[in-house]
Amino acid sequence: MKKISIIIIVLLQTLFMFGQTKTEQYECMFPEHFVFTSKDENGYNVTKNFTVEKATLTYKANKLVSFTLKSSGNAQVTFTVEKIISESSRVKEFWIDRSELYSVMISFPLDRENGMNIIFFSNINGSVMFDFLFTRILTEREKKELQILEEQERAERIKEQERKQQEQIKKEENVKKIFSSVNEVAIKSKVTNYFNNKYIEKIKTYKGKLDTLKLGYTGEVNVMIGGDSLGVDVIKIEDEDEKIILNDWIRASKYYCTLDGIDYYEYQEEIFFLKKLNIKTHSFEYGFGGLKNKGKKFTFYRNVPDLVKKACEQNFSQRGEHFFII
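So, a few notes on the structure that sits alongside this text. Every value quoted in this text rests on a predicted model; they were computed, and no experiment measured them. (Residues numbered from 1 in each chain as written. Predicted model: local features only at pLDDT ≥ 70, side-chain atom pairs only at ≥ 80, totals over all residues. Heavy atoms only, no water.)

## Describing the overall build of the protein
Scanning the protein from terminus to terminus reveals 5 helices and 19 strands. Taken across its 326 residues, the protein has 31% of its residues classed as buried. Counting contacts in the protein only where the partners sit at least 6 residues apart, residues at least 24 apart contribute 49% of the total. (Helix = DSSP H or I, 4+ residues; strand = E, 2+ residues; numbered from the N terminus. Buried < 20%, exposed > 50% of the residue type's maximum accessible area, 1.4 Å probe, protein only. Contact = heavy atoms within 4.5 Å.)

Structure below.
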């Protein structure tokens, strides 16, 4: 018997919930003048003429049954949902008269929180008669719930900021630990040697034969310096000849942190950063040259690097003219 009583109470509560009437209050964001003529129950024309300031939506069993437009005073007009034309979770279109001369679309825009739009259409000429934009007036209960939610979100944001700050501090300490002993002189020497060796290989494989080739570089070079718990080293050198552009490599990596104005990145558990180095390589030249040994004086027939001059003076000890390939 007790079980039956509980079931009956639950059913009654359910019926009450589905049968109860609910209203939502809205305030017009841009009050507009409203003039509308319709027929009353007796078939007489009734004209409503006022400035719309507010609106009320009325639901029964969670379905929209009517809406009311109100002025700042006592003027108001209520329209009943006569027949649904189309309906979704955010848009409802329906006829407001049985003759189907006028329809209304009520929508709830995604880009406006608590927003609501009411548009009147004329089926006589297909025109838009009125277009009102409203914002919902929250109940005291809803205001309290919103306040609680905002406080919870604020607390979550603070917690997340603190977590990110701690993570940033941890990353900065890791960067300091890895790159505390960067030997810039050794790195610069390694980069310079890289280009020197590259120029030597070019000279060796040069196919110009009788053409002159001069190689060398003085200026800035972008270098990628990487490190982990095992040490620090040069991992990439920007080289247009080999199409190694470091910015492309960075785009494939993950941002790690910024310390002292330098951006650090992470790739496969290795931390790296970009650094500009000023280098000066040796001068390399390929071509034919000649000289005349006048005893203690050498006359060169073309400009050659100092290293080549020194080598010629050591190897061409006999007087006379000598020719060589550099």
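Alright, that's what it looks like, and here's the rest.
## A look at helix H3 (residues 184–204)
A rise of 1.5 Å per residue sets the reference length of H3, with its 21 residues, at 30 Å; its end C-alpha atoms lie 30 Å apart and thus fit the reference within 8%. When H3 is considered as a whole, its buried residues turn out to be Ile 187, Val 191, Thr 192, Phe 195, Asn 196, Lys 198, Tyr 199 and Ile 203. Regarding H3, its N-cap is Asn 183, as a side-chain oxygen of that residue lies 3.3 Å from the backbone nitrogen of Val 185 further along. (Expected span 1.5 Å × (residues − 1). Polar contact = N/O pair within 3.5 Å; in protein donor to acceptor, adjacent residues only side chain to side chain.)

## Describing the nonpolar core
One broad rule of soluble globular proteins: the nonpolar side chains tend to lie buried together. Counting 27 residues, the largest nonpolar core has Phe 34, Phe 67, Leu 69, Ile 106, Ile 118, Phe 120 and Phe 134 as the members making the most contacts within it. The set of elements that each furnish at least two residues to this core consists of strand S1 (21–39), strand S2 (45–60), strand S3 (63–70), strand S4 (76–80), strand S7 (102–107), strand S8 (115–122) and strand S9 (128–137). The dominant element in this core, judged by the number of residues it contributes, is S2, at 5 residues. If near-sequence neighbours (up to four positions away) are discounted, Phe 134 is found in contact with Tyr 26, Glu 27, Cys 28, Met 29, Val 52, Lys 54, Ala 55, Leu 69, Asn 114, Gly 115, Met 116 and Ile 118. (Core = buried A, V, L, I, M, F, W, Y, C linked by side-chain atoms within 4.5 Å.)

## Regarding helix H2 (residues 140–178)
For H2, with 39 residues, the first-to-last C-alpha span of 57 Å sits near the 57 Å given by 1.5 Å per residue. For H2, the complete set of buried residues consists of Lys 171, Val 175 and Ile 178. Those residues of H2 that are buried lie in contact with strand S11 (218–228), strand S12 (231–237), strand S13 (254–259), strand S14 (262–267) and strand S15 (270–280).

## Notes on the side chain of Thr 56
Note on placement: Thr 56 falls in strand S2. Reaching out from Thr 56, the side chain makes a polar contact with the side chain of Gln 25 at a distance of 2.8 Å. Beyond its immediate sequence surroundings of up to four residues, Thr 56 is in contact with Thr 23, Glu 24, Gln 25, Ser 66, Phe 67, Thr 68 and Lys 70.

## Things to note about the pattern of salt bridges
Should their charged atoms come close, side chains of opposite charge can pair. Applying the stated criterion across every chain, the model contains 11 salt bridges. Between Arg 98 and Glu 82 there is a salt bridge whose closest N-O contact spans 3.6 Å. One end of the pair, Arg 98, is in the loop between strand S6 (91–95) and S7; the other, Glu 82, is in the loop between S4 and strand S5 (83–87), and 16 residues separate them in sequence. Residues Glu 145 and Arg 141 are paired through a salt bridge, measuring 3.3 Å at the closest nitrogen-oxygen approach. Of this pair, Glu 145 and Arg 141 both sit in helix H2, 4 residues apart, roughly one helical turn. One connected set of salt bridges, linked through shared partners, spans Glu 160, Arg 163, Glu 167 and Lys 171. (Salt bridge = Lys/Arg side-chain N within 4 Å of Asp/Glu carboxyl O.)

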